[in-house]
Amino acid sequence: MTQRFEHIHRLAYNQTSGAGPGVVFLGGYASDKEGTKALYLEDWAQRRGRAFLRFDYAGHGSSDGAFEAGTIGSWCDDAVSIIKGMTTGPQILVGSSMGGWISLLIARDHPDLVAGLVTIAAAPDFTIELENSLSDMERTAMERDGRIERVSGYGPEPMIFTANLIRDGRRHLILNKPLTL
């Protein structure tokens, strides 16, 4: 059953009690807690009696907030806040795509929250790759509108990327210096 966690926004989450260290799933860009990886991992954790938490960042899935207002930093804050508020002791973070980047940021900046780390197709620093791949037309649109839309292989709706996401991404780079885990 989806519940709400009060942070800056109300974050939707599902949690199962069990043995620790618990497992926390951190989803990808524009993904939600109802995705196949999150549900599969939850089933795995339940069958083993392990505590498990999956949640939607602000602007994702069932959580409050505007997706376009989100950034790597704000979604990382969501993750840290819900981990601190809803779990006990260090957790095993499982980050998919952008969630891999966020889990690495948490491991770097809040090592006391992390018992283990698993990344699935981790996309650290993906905003740099995005920025470098912009066509001249997309750069013009980004400057003019503060956002672009790109066709997505994940469904009929285009993916939205904002200038603020790219700017904020530069402040949260993880691959530009050694990372001690």
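Cut-offs applied
- Residues numbered from 1 in each chain as written.
- Predicted model: local features only at pLDDT ≥ 70, side-chain atom pairs only at ≥ 80, totals over all residues.
- Heavy atoms only, no water.
- Helix = DSSP H or I, 4+ residues; strand = E, 2+ residues; numbered from the N terminus.
- Polar contact = N/O pair within 3.5 Å; in protein donor to acceptor, adjacent residues only side chain to side chain.
- Buried < 20%, exposed > 50% of the residue type's maximum accessible area, 1.4 Å probe, protein only.
- Pairing = 2+ DSSP bridges.
- Expected span 1.5 Å × (residues − 1).
- Axes fitted to C-alpha atoms, helices over the stretch in contact; angles between N-to-C directions.
- Left-handed = near helix turned anticlockwise from the far one by under 90°.
- Contact = heavy atoms within 4.5 Å.
- Nonpolar A, V, L, I, M, F, W, Y, C, P; charged D, E, K, R; others polar.
- Parallel < 35°, antiparallel > 145°, perpendicular 65-115°, else oblique.
- Phe/Tyr/Trp six-rings, centres within 6.5 Å; stacked < 30°, edge-to-face > 60°.

> Go over the side chain of serine 63 with me, naming the residues and quoting the values.
Tracing the chain through its elements places serine 63 in the loop between strand S4 (50-55) and helix H2 (72-86). Reaching out from serine 63, the side chain makes a polar contact with the backbone nitrogen of alanine 12 at a distance of 2.7 Å.

> How would you sum up the pairing of strand S2 (residues 10-16)? Please name residues and give values.
In summary, the side chains of a regular strand alternate between the two faces of the sheet. A large share of S2 lies buried, amounting to five of its seven residues. As paired strands, S2 and S4 are joined by four bridges and run antiparallel to one another. From the neighbouring strand, tyrosine 13 faces S4, where its bridge partner is phenylalanine 55.

> How would you sum up H2? Please name residues and give values.
Counted at 1.5 Å a residue, the expected span for H2 with its 15 residues is 21 Å, and the 21 Å between its end C-alpha atoms agrees. Within H2 the residues assigned to the buried category are Ile72, Gly73, Trp75, Cys76, Asp78, Ala79, Val80, Ile82 and Ile83.

> Hey, could you go over the packing of H2 against helix H3 (residues 98-109) for me, with residue numbers and the actual values?
For the pair H2 and H3, the least separation of the axes is 10 Å and the interaxial angle reads 65°. The handedness of the crossing between H2 and H3 comes out as right-handed. Along the contact surface, H2 presents Ile72, Trp75, Cys76, Ala79, Val80 and Ile83, while H3 presents Met98, Trp101, Ile102, Leu105 and Ile106. Here the contact of H2 with H3 is built from residues that sort into 11 nonpolar, no polar and no charged.

> Give me the packing of helix H4 (residues 126-133) against helix H6 (residues 163-171): which residues, what numbers.
Two packed helices can be described by the angle between their axes and the distance between those axes. Contact geometry of H4 with H6 gives a least axis separation of 8 Å together with a crossing angle of 130°. It follows that H4 is oblique to H6 by the angle criterion. Helix-helix and strand crossings are classified by hand; for H4 and H6 the assignment is left-handed. Along its contact with H4, which presents Phe126, Thr127, Ile128, Leu130 and Glu131, the element H6 presents Leu165, Ile166, Gly169 and Arg170. Its residues placed into classes, the contact of H4 with H6 shows five nonpolar, two polar and two charged.

> How would you summarise the packing of aromatic side chains if you had to cite specific residues and measurements?
Following the criterion strictly, the structure yields eight aromatic pairs and no others. A ring pair is formed by phenylalanine 55 and tyrosine 57, whose centres lie 5.2 Å apart and whose planes are at 80°; its orientation type is edge-to-face. We note that phenylalanine 55, like tyrosine 57, is buried. Considering the side-chain rings of tyrosine 57 and tryptophan 75, the 6.3 Å spacing of their centres and the 40° angle between planes classify their relative orientation as tilted. With tyrosine 57 in the loop between S4 and H2 and tryptophan 75 in helix H2, the pair connects residues that are 18 residues apart, well separated along the chain. Across the pair, exposure class does not vary: tyrosine 57 and tryptophan 75 are buried alike. Taken together, the ring pairs in this structure connect Tyr29, Phe55, Tyr57, Phe67, Trp75, Trp101, Phe126 and Phe161 into an aromatic cluster.

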